[in-house]
Amino acid sequence: MRLIAVGLALVLAFASGQSFFNTHGLGELVPPADARNTSLGSSFAFSYQNPGMLVSLPQVSFVVTSLGAGMVGTESGTSRFIGTVRPSGFTGAVPLPVGFRLSLGLDNVFNQDYDVWSDTASDSSYRYHVTGRGGVYGLRTGLSWSLFNFACVGVGYTRLLGGSREDWRFEVGNGQYVSTDTIELDCSGNALCAGLSVQTGRFSVAALYEPAVNLTAVSTRRVHGIIKDSTKTYQLGLPYSLSGGVGFRPFERAELTLGAEYRPWSGLSINDTVFSSSYNNVLRLSGGFEFLPTEKLALRIGYSRQQPYFLSHPPEPILELVPISEQVVHFGAGIPVPQFGSLNLGAEVIFRTNGYLKETGGRLSLSLAYHEAWLKRTRRWGY
Amino acid sequence: MYLGRDDFYQSRMLLRFPLNDSALDTTTAVQLILHRADSAAMSFVCRPCSTDWNTDAVTWRLADSVTHWFTPGGDYWKVDVGTGRLESDSLVLDLDLSELDSAARHAFTSFGLLFFPQDTGFIAVHSGVSQATAPRLKLNFPNNKSLTLNASDDAHLVDTVRVGGAPALTVGSGVAFRTWLYFGLDSIPREATIAKAELKFRPDIKYRRSDTLRFGVHRLTEPYNPKGKNANFSSSSYATLSYVVSADSDSVAVLDLRSLVQFWSNYRDSLGACDSNFGLLVMAEPEYSLQFRFNIRPAGPAAPVLDLLYVLPPKDRFFR
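Residues numbered from 1 in each chain as written. Chains lettered and ligands numbered in written order. Predicted model: local features only at pLDDT ≥ 70, side-chain atom pairs only at ≥ 80, totals over all residues. Heavy atoms only, no water.

A. Quick peek at the sheet that holds strand S16 (residues 212-219) of chain B. All names here are of chain B. Taken in spatial order, the 4 strands line up as S13-S19-S16-S17 in an open sheet, and their pairing is antiparallel. With one partner strand each, in any of the chains shown, strand S13 (179-181) and strand S17 (239-244) form the two edges of the open sheet. Recorded for the sheet is a direction-independent mean angle of 25° between the axes of neighbouring strands. Bridge count between S16 and S17: 6 bridges; the pairing is antiparallel. Residue pairing in the sheet places Phe 215 in a bridge with Leu 241 of S17. Across the face of the sheet, helix H2 (residues 258-266) comes into contact with S16 and strand S19 (280-284) while running at roughly 10° to S16. (Pairing = 2+ DSSP bridges. Helix = DSSP H or I, 4+ residues; strand = E, 2+ residues; numbered from the N terminus. Axes fitted to C-alpha atoms, helices over the stretch in contact; angles between N-to-C directions. Contact = heavy atoms within 4.5 Å.)

B. Up close: the side chain of Thr 51 of chain B. Residues and elements named next belong to chain B. Position of Thr 51 among the secondary structure elements: in the loop between strand S4 (42-48) and strand S5 (82-86). Side-chain polar atoms of Thr 51 contact the side chain of Asp 75, separated by 2.9 Å. Leave out the neighbours within four places in its chain, and Thr 51 touches Ala 63, Trp 69, Phe 70, Asp 75 and Phe 111. (Polar contact = N/O pair within 3.5 Å; in protein donor to acceptor, adjacent residues only side chain to side chain.)

C. A look at the sheet that holds strand S15 (residues 204-208) of chain B. All names here are of chain B. Taken together, the 3 strands give an open sheet; going across it, the order is S12-S20-S15, and neighbouring strands pair in antiparallel fashion. Both edges of this open sheet fall to strand S12 (169-173) and S15, since each of them pairs with a single strand only. The average undirected angle you get between the axes of adjacent strands in this sheet is 15°. The pairing of S15 with strand S20 (residues 292-296) spans 4 bridges and is antiparallel. Bridging across to S20, Ile 205 finds its partner in Phe 294.

D. Structural detail: the pairing of S20 of chain B. Residues and elements named next belong to chain B. Most of S20 is tucked away: 5 of the 5 residues are buried. Burial of S20 is two-sided: the residues Phe 292, Phe 294 and Ile 296 facing one way and the residues Arg 293 and Asn 295 facing the other way are all buried. As judged from the 5 bridges shared by S12 and S20, these two strands associate in the antiparallel manner. Opposite Gly 172, over in S20, you have Arg 293 as the bridge partner. (Buried < 20%, exposed > 50% of the residue type's maximum accessible area, 1.4 Å probe, protein only.)

Here it is in structure tokens:
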């Protein structure tokens, strides 16, 4: 079983979710990488990204999550499929004396993978074929303090690093490419966060606050593969975010959770200029329900909805940017892995549209959690 | 090589054989062998050429790069040494040298023969490029001995006299006519991708011997001035078109110049000007193909236009 689990993790270790909308902004904001959390609606406050979730941590633990995703995009009556697989996160936690915990993690924060035949952005005599690879990753560390075995407060620091490469190819008749324009983007920044949670046998409450983040992005472009344009440096001011969640256990083998995240993306600044007309304030709502029909099997279902933070372009000649709506149905299961930990499976069916381009996709998350402590974790949020 | 004539063109052939002055002294007969390269038929006469000529430079007006014929079209002795009709794949023609005096013989052995078409139309004759079909001279000697010589030089001269007239933007084959066009492209942003660049015009056809006219576009590699028609240009074409003459002769010729315009747009001087854009030549492809000639009107709806569509590089992702 252990070999199978590790093997599955390795197979999925080269995958990633992607969206046809990933050409915008910093790309798709990736939900916290944890299959259990994913299957319950991907609440940020109840995720590993909240250092205040470590109420219980008897032993060293870690969890590796991989993600496989496929997406069918439909634009102007034409459907296309994109799909990839790659790791989406790793997190580990170490108990320290007097209730302190040290956590480490690596997450894909923004995903910038895509492969798009852009019909709406093209002219009749040519069209774009745009491929992008990369994203922004967060190297997290956090320090938590568990109080009275039912509460925890924590602070975290995340080093944001990332890079992407976009190839914009102009295709004309006979499948020939006129030229390729390449944009390379490197990002770096520092982020802080503070979180807390209170977890009792019947109720759980969690909150996570992330102050505004300054991100430095260096863009280099090469036009036609020949002309190297000047390098541009952007100072991005990402707005703060506030996340909250509540959990309620109506009876022993069931738990209901609700989550909300708010981030005023309209305050995103680029070189001190606010681009409120291009970005959208985001209120993401989620809910999930977990049921344990047996001691060794957890079944989960969830739902979330939001308008992603970037606005999108409708087909020409419409100039006004339009928001994207996203609704996701989550479900999954968790089983213990004897002598190892647990294996959680999370699946999402995603529906996105801006009224012109529709996406229907699926994501499959697989989290492999190490140590017996994770068996107990099915009964309680956090570690 | 072409031999023939019509209302607009006349094409004569020149052949020279490696003979010395005494080569004909002991011959009993001299035979000329020609091979036809197409299916037409043509009657002709041939006469000794009276002026030296250079195969690389000879034209209707010039015997070499500096010497004019006394008479455009070639100087010759007015003695018919051969009269024949080329109507099968090859022709063996007995030459009659009896009427040649010593000067004319010297002209024949030194400067060769000039061929005059007698019928309307044109015929293609194999030149000396192929040994098997090269024009030959067979010298017959007593005792059934003979010597066969391939032509050492050959050329055809095309009369352009009747083609001239008012200056026009002309493109032609057979007699080469080239048209130089220049389009100012400095306003195209340097970083633009040329998605479409089509040269369009409506040829005003003046003469053609085929329903398909093949012409193309070459890039000038140096400024048109001061060299003018002698300005260097690229040997390979950037675009070619097999223009099929329609019934109403009114279809538009379209040449795809995307790669050429992209090339011009990529290379700029410090002021942003396209410093490789010296214009283009529209010329027949190849210029020795069946004769045709058309004019490009310099103004009006049939005038040449460069239809451009360019795309600017994508914005950085934060501004899309």
